[in-house]
Amino acid sequence: MCLIGEKAKVNVIAPHFGEEPCIQGHNGSGAVFMSGCNMRCIFCQNYDISHQRNGMDLTPEELGQWYLKLQEVGNVHNINIVTPEHVVPQVALSILHAAELGLRVPIIYNTSSYDSLASLELMDGLVDIYLADFKVWKPNTSKRLLKADDYAETAKESIKAMHEQVGDLCFTGDGIAKVGLLVRHLVMPGKEAEGAEIMKFLASEVSTDCFVNIMEQYHPDAHVGKRRKRRRALPAEGEEKSSNLSEDTYEEVRYSDINRSVTSEEISSVREAAMGAGLWRFCDPPKHDGFAI
Ligand code: SF4
């Protein structure tokens, strides 16, 4: 399913400036994008990496050496392992190897939260920061859009386990994330009620001090909005063939209900639900001249 075997396949290793201010800081986050994924989100924005095998095979030792290069040459604030759910044993070994070589910066586990508790147990003590997505709430939505009907159930248990390990997110004196849990929720078109449920869950079952990034940047990608030819239903036996059945194929737009950006009303509604539930630590631009914490 994940397309990966004994060796982790890595697509990109580089300082990355597309993360939250407290993660990327001034010098960037040391991103290590794993190829392959244990999910099949139909809107995946890393489709060419996660749904295909693109990259180089690395041993845990080679991976650990790259973490050191990111620290020493890139001067990054952390090592950010992106989509590690399907290569947890290899990642655990790479972190141990890097620690022996002198890695000092925090390790980030950047996950869809479709993790097993056994995986998270392996990561306990090795990961400093969990950067955890919580995507959708309803089983029929996750079945259709993520191809996993148990997504929310799994994410709930995983995020609780992550919080038990590292607690709420805290920072260094200059505003860089040091240890803890940061939950991301990408607001989806028409799914704001599910976003609200996710916020209520975080406040009531994780912590009202949970640091949350309510993200607005959804755009159609991967399979969403693609056109495909469909065969028309043929008339039943004895039924007269109507004029609109004269062609036996037609074109449909796939996942047309989410083939648009989100509206400001949808974003506000999730934000209000979060505040109503008691959450207060959001990834907002600073209201003063200080750091975005
Ligand atoms: S979990 Fe992330 S990387 Fe994997 S398919 Fe879904 S959106 Fe893509």
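Residues numbered from 1 in each chain as written. Predicted model: local features only at pLDDT ≥ 70, side-chain atom pairs only at ≥ 80, totals over all residues. Heavy atoms only, no water.

### Re the overall build of the protein
The number of helices and strands found in the protein is nine helices and 12 strands. A globule of 293 residues ought to have a C-alpha radius of gyration of about 19 Å, and the protein, at 21 Å, matches this closely. The buried share of the protein, taken over its 293 residues, is 51%. As presented, the protein carries roughly 14100 Å² of accessible surface, and 49% of it is formed by carbon and sulfur atoms. Counting 30 positive and 42 negative side-chain charges, the protein places the centres of these two groups 6 Å from one another. (Helix = DSSP H or I, 4+ residues; strand = E, 2+ residues; numbered from the N terminus. Rg over C-alpha atoms; globule rule 2.2 N^0.38 Å. Buried < 20%, exposed > 50% of the residue type's maximum accessible area, 1.4 Å probe, protein only. Areas by Shrake-Rupley, 256 points an atom, 1.4 Å probe, with all protein chains shown as cover. Lys, Arg positive; Asp, Glu negative; His and termini not counted. Charge placed at Lys NZ, Arg CZ, Asp CG, Glu CD.)

### A closer look at the UniProt feature "binding site: [4Fe-4S] cluster" (unreviewed entry) in the protein
On the UniProt side, "binding site: [4Fe-4S] cluster" (unreviewed entry) is annotated at positions that read Cys37, Cys41 and Cys44 here. Among the annotated residues just listed, those that line the largest pocket are Cys37, Cys41 and Cys44. With relative accessibility at 10%, the residue Cys37 sits in the buried group. Residues in contact with Cys37, not counting those within four places in the same chain, are Met1, Cys2, Ser50, Thr83 and His86. As for its position among the elements, Cys41 is in the loop between strand 2 (29-34) and helix 2 (47-50). Judged by relative accessible area, Cys41 falls into the buried class, the value being 8%. (UniProt positions renumbered as here; feature names shortened; annotations may be inferred. 1 Å grid on protein atoms, 1.4 Å probe; cavity = no way out; pocket = protein on both sides within 12 Å on 5 of 7 lines; lining within 4 Å. Contact = heavy atoms within 4.5 Å.)

### Description of the environment of Arg254
Among the secondary structure elements, Arg254 is positioned in the loop between strand 11 (249-253) and helix 9 (264-277). Non-local contacts of Arg254, meaning those with residues more than four positions away in its chain, are made with His223, Val224, Gly225, Lys226 and Arg228.

### Some details on the site of the ligand
Taken together, Cys37, Met39, Cys41, Cys44, Ser50, His51, Ser112 and Lys135 form the complete shell of residues around the ligand. Using a 2 Å cut-off from the grid points, one finds that the ligand occupies the largest pocket. Among the residues making up the shell around the ligand, the classes are represented as four nonpolar, three polar and one charged. (Near = heavy atom within 4 Å. Sits in = over half its atoms within 2 Å of the grid points. Nonpolar A, V, L, I, M, F, W, Y, C, P; charged D, E, K, R; others polar.)

### A short note on the domain arrangement of the protein
Along its sequence, the protein is carved into domain 1 (8-223 + 261-282) and domain 2 (225-258). Centre-to-centre, using C-alpha coordinates, domain 1 lies 40 Å away from domain 2. At the interface, 11 residues of domain 1 touch six residues of domain 2. With both sides pooled, the region where domain 1 packs onto domain 2 buries about 760 Å², and carbon together with sulfur makes up 48% of that total. Counting the contacts that link domain 1 with domain 2 gives one salt bridge. A salt bridge links Asp257 to Arg144, with the nearest nitrogen and oxygen atoms 3.0 Å apart. Inspection of the region where domain 1 meets domain 2 yields six residue pairs in polar contact (both at pLDDT 80 or more). Looking at the side of domain 1 that touches domain 2 residue by residue, the classes come out as seven nonpolar, one polar and three charged. (Domains from an automatic or database assignment. Buried area = accessible area lost by both parts, 1.4 Å probe. Salt bridge = Lys/Arg side-chain N within 4 Å of Asp/Glu carboxyl O. Polar contact = N/O pair within 3.5 Å; in protein donor to acceptor, adjacent residues only side chain to side chain.)

### A closer look at the layout of surface pockets
Of the pockets and cavities examined, the largest pocket occupies roughly 790 Å³. For the largest pocket, the lining is made up of 30 residues, of which Gln45, Asn46, Asp133, Lys135 and Arg184 are closest to its centre. At the level of elements, strand 5 (107-111), strand 8 (177-186) and strand 9 (211-215) are the ones that each hand at least two residues to the lining of the largest pocket. Sort the elements by how many residues they give to the lining of the largest pocket and strand 8 lands first, with three residues. (Points joined across faces, edges and corners; volume = space filled by probe spheres on them.)

### Let's talk about helix 3 (residues 60-72)
In this model, helix 3 (13 residues) spans 18 Å end to end at C-alpha, consistent with the 18 Å of a helix rising 1.5 Å per residue. Along helix 3, the positions that sit buried rather than exposed are Pro60, Leu63, Gly64, Tyr67, Leu68, Leu70 and Gln71. The arc that holds the buried residues of helix 3, viewed along the axis, is 160°, so those residues lie on one side. Those residues of helix 3 that are buried lie in contact with strand 1 (8-16), strand 2, strand 3 (56-58), strand 4 (79-82) and helix 4 (88-101). (Expected span 1.5 Å × (residues − 1). Arc of directions from axis to C-beta.)

### Examining the pattern of salt bridges
This structure, assessed with the given rule, holds 15 salt bridges. In this structure, Lys160 engages Glu205 in a salt bridge whose closest nitrogen and oxygen atoms are separated by 3.2 Å. Within this pair, whereas Lys160 is found in helix 7 (residues 151-166), its partner Glu205 is found in helix 8 (residues 192-206), the two being separated by 45 residues in sequence. Here Lys200 and Glu197 are joined by a salt bridge, their closest N and O atoms 3.3 Å apart. Of the two residues, Lys200 and Glu197 both sit in helix 8, three residues apart, roughly one turn of that helix. Residue Lys200 is classed as partly exposed on the basis of its relative accessible area, which comes to 42%.

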